[in-house]
Amino acid sequence: MWTRRNVLQSLGAGAGLVAVPAPIRRALAAAEPDLVLRLTAQRAELPLWPGAKTAVLRYFGQVLHGRADGLKPSPGYLGPTLELRRGERVRIEFRNRLAEPSIIHWHGMIVPETADGHPRFAVGPGGEYVYEFTVRNPAGTYLYHPHPHGRTGAQVYWGLAGLVIVREAEERAYGLPGPEHELSLVIQDRRVDDDQFVLKRMMMDDMNGVLGDTVLVNGAPDAAFMVTPRPWRLRLANVSNARIYKLAWSDGRPLRVIATDNGLLSAGEGVQTRPYVVLGPFERVELLEDFGERRPGAEITLLSGEFADVGMMDMMGGMMGRGMGGMMSGMMGPAQGKEMTLARFTVAAAARTPRETLRLPPSEAPPQGRHELYTRLAFRHMQGFLNGRRFEMEAVADDERLPLGEGTVWTFANDGGGMAMPHPMHIHGVRFRILERSRGDAPADLREGLVDAGFKDTFLIFPGERVRVLVAPTEPGLFMYHCHNLEHEDGGMMRNCRFGTGPSA
Ligand code: C2O
Ligand code: CU
Ligand code: CU
């Protein structure tokens, strides 16, 4: 018996639309989604710097059915931005035109198990995968990126990633600037040599993750924006393999955070005002920035402020003395925590548009239930461990099972020994709240910039820290949790978790 579900599963397994018998194709067509997109991953070359072509991997997009504005092209090598509406039914056909396996994961999106892009669904060169889901997440800034096991870091580095923006009609009633007054900044760092990206040539890259010396925003260098003197909604996403940013304005004005990873903050939480905001790999934050508070013609820079390196560099520096810095950086690459310019903003000379009153949405009631899970992080012999385990394609342990539809308090403790380093931890298929972060363990020069409010899907956990999150899965099946430092993830600091009951495998 062909149910819709197993048709989609077999499509998902790579059978492709052509293999579906005609009557079933008609049945599928009857349930035509609102929006059908195609994303193709392939090699490309583009002129990022004058007089040169940079080799990249890139997602190319097409709207096959539905709103033509469902995709918005990106100026650089990034994939197009998916502009989705909450409640919309979406089908996305992924075509792999790379020379290696790949699969797309919708980071932060709550989708059925078969649409999550788990590495077990990776398709080889020439293969296809069809995703079907209804947009359940609230308005916010999400991401998509490859997720084949062991190759995520490389594929993202070469250019495969993009934004997913979810919109809701209610947003205008909240008093937020409309789409015409918002900017998205996808922040990435690369090592650039001779106008080409260079991946991994330092011995410490597997340990610290790949860090670049050049910042690219939206897939292009030297980002600059002209803004009118009025409130703007800025969506900031860190899509770097390993770099942590300490976001700040060059004129010292505070940042007003209105959203974190998984949607707007609630009225109860209110706007979070910070002198700087710390953003780990694949975290997002939205700012409400009133450029009308600056004088016309003003030039402001969004920068990443300096902070003490919390990784290997620091330890080596301490061991070998400052004088060794130059030689060491030749072996190790750029450091975490160095100051960088991210983007320039120029305020246009125009009449100022005042702010509207901001009415953030009401808080959601917390889930019932207090199941408990505990995961201890460790990093030794160049490899990350979660409760002493590493990634296996199908395995789920007892302490990796979460009940469906009720709350689990999941405690992460970064005290498992070995190398002391921060890890950006991520859980698929859920949005969660950070209940508690152990006090006094985050570095003093980053502490004030941690925004633990709102719904999160990724969070930084510093050496010695304990972070407790409250998560209530709604989609049954096999999902995953992992360190989102992409070199740690590819190195196996990743595990499956199961939501609801199911086979142990
Ligand atoms: Cu953003 Cu498992 O990934
Ligand atoms: Cu994810
Ligand atoms: Cu890590």
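Residues numbered from 1 in each chain as written. Chains lettered and ligands numbered in written order. Predicted model: local features only at pLDDT ≥ 70, side-chain atom pairs only at ≥ 80, totals over all residues. Heavy atoms only, no water.

*Asks:* Would you take a moment to explain the sheet that holds strand E29 (residues 432-437) for this structure?
*Replies:* Strand order in the open sheet formed by five strands is E25-E24-E27-E31-E29, with mixed pairing between adjacent strands. With partners counted over all chains shown, the strands left at the sheet margins are strand E25 (383-386) and E29, one partner each. Strand-to-strand twist across the sheet, computed as the mean angle between neighbouring axes with direction ignored, equals 20 degrees. The sheet contact formed by strand E27 (residues 408-413) and strand E31 (residues 466-471) spans six bridges and is antiparallel. (Pairing = 2+ DSSP bridges. Helix = DSSP H or I, 4+ residues; strand = E, 2+ residues; numbered from the N terminus. Axes fitted to C-alpha atoms, helices over the stretch in contact; angles between N-to-C directions.)

*Asks:* Help me understand the packing of aromatic side chains, please; the structure alone is not making it clear to me.
*Replies:* To describe a pair of aromatic rings, one takes the distance between the centres and the angle between the planes. Evaluated as defined, the whole model comprises 19 aromatic pairs. Considering the side-chain rings of Tyr-59 and Tyr-144, the 5.2 Å spacing of their centres and the 50 degrees angle between planes classify their relative orientation as tilted. On the criterion of sequence distance, the pair formed by Tyr-59 in strand E2 (residues 54-65) and Tyr-144 in strand E8 (residues 140-146) is long-range, its members being 85 residues apart. Assessed through its relative accessible area of 1%, Tyr-59 is described here as buried. A relative accessible area of 0% places Tyr-144 in the buried class. Consider the rings of Trp-106 and Phe-133, whose centres lie 6.0 Å apart with planes at 50 degrees: the pair is tilted. Of this pair, Trp-106 sits in strand E6 (residues 104-107) while Phe-133 sits in strand E7 (residues 128-134), and the two are 27 residues apart along the sequence. Phe-133 gets classed as buried once you look at its relative accessible area, which sits at 5%. Linked through ring pairs, Tyr-59, Trp-106, Phe-121, Tyr-129, Tyr-131, Phe-133 and Tyr-144 together constitute an aromatic cluster. One residue, Arg-390, lies across the ring of Phe-385, its end atom 5.9 Å from the ring centre. (Phe/Tyr/Trp six-rings, centres within 6.5 Å; stacked < 30°, edge-to-face > 60°. Buried < 20%, exposed > 50% of the residue type's maximum accessible area, 1.4 Å probe, protein only. Lys NZ or Arg CZ within 6 Å of the ring centre and 35° of its normal.)

*Asks:* How should I be thinking about the coordination of the copper ion (ligand 3) in this particular structure?
*Replies:* Six octahedral donors around a metal ideally subtend angles of 90 or 180 degrees, whereas four tetrahedral donors ideally subtend 109.5 degrees. Within the first shell, the copper ion (ligand 3) binds the protein through His-423 (ND1), Cys-483 (SG) and His-488 (ND1), at distances of 2.0 to 2.1 Å. Between consecutive donor residues of the copper ion (ligand 3), the sequence gaps follow H-x59-C-x4-H. Pair noted here: His-423 is in strand E28 (residues 423-427) and His-488 is in helix H7 (residues 486-490), with a separation of 65 residues, a long-range link. Each member of the pair, His-423 as well as His-488, carries the same accessibility label: buried. (Donors = N, O, S within 2.8 Å, 3.2 Å for Na, K, Ca; no water.)

*Asks:* Got a minute to help me understand the coordination of the copper ion (ligand 2) in this structure?
*Replies:* Bound to the copper ion (ligand 2) are the protein donor atoms His-105 (NE2) and His-426 (NE2), situated 1.8 to 1.9 Å from the metal. Here His-105, found in strand E6, pairs with His-426, found in strand E28; they are 321 residues apart in sequence, far enough to count as distant. We note that His-105, like His-426, is buried.

Fair warning: the whole summary comes from geometry, so function is off the table for now.
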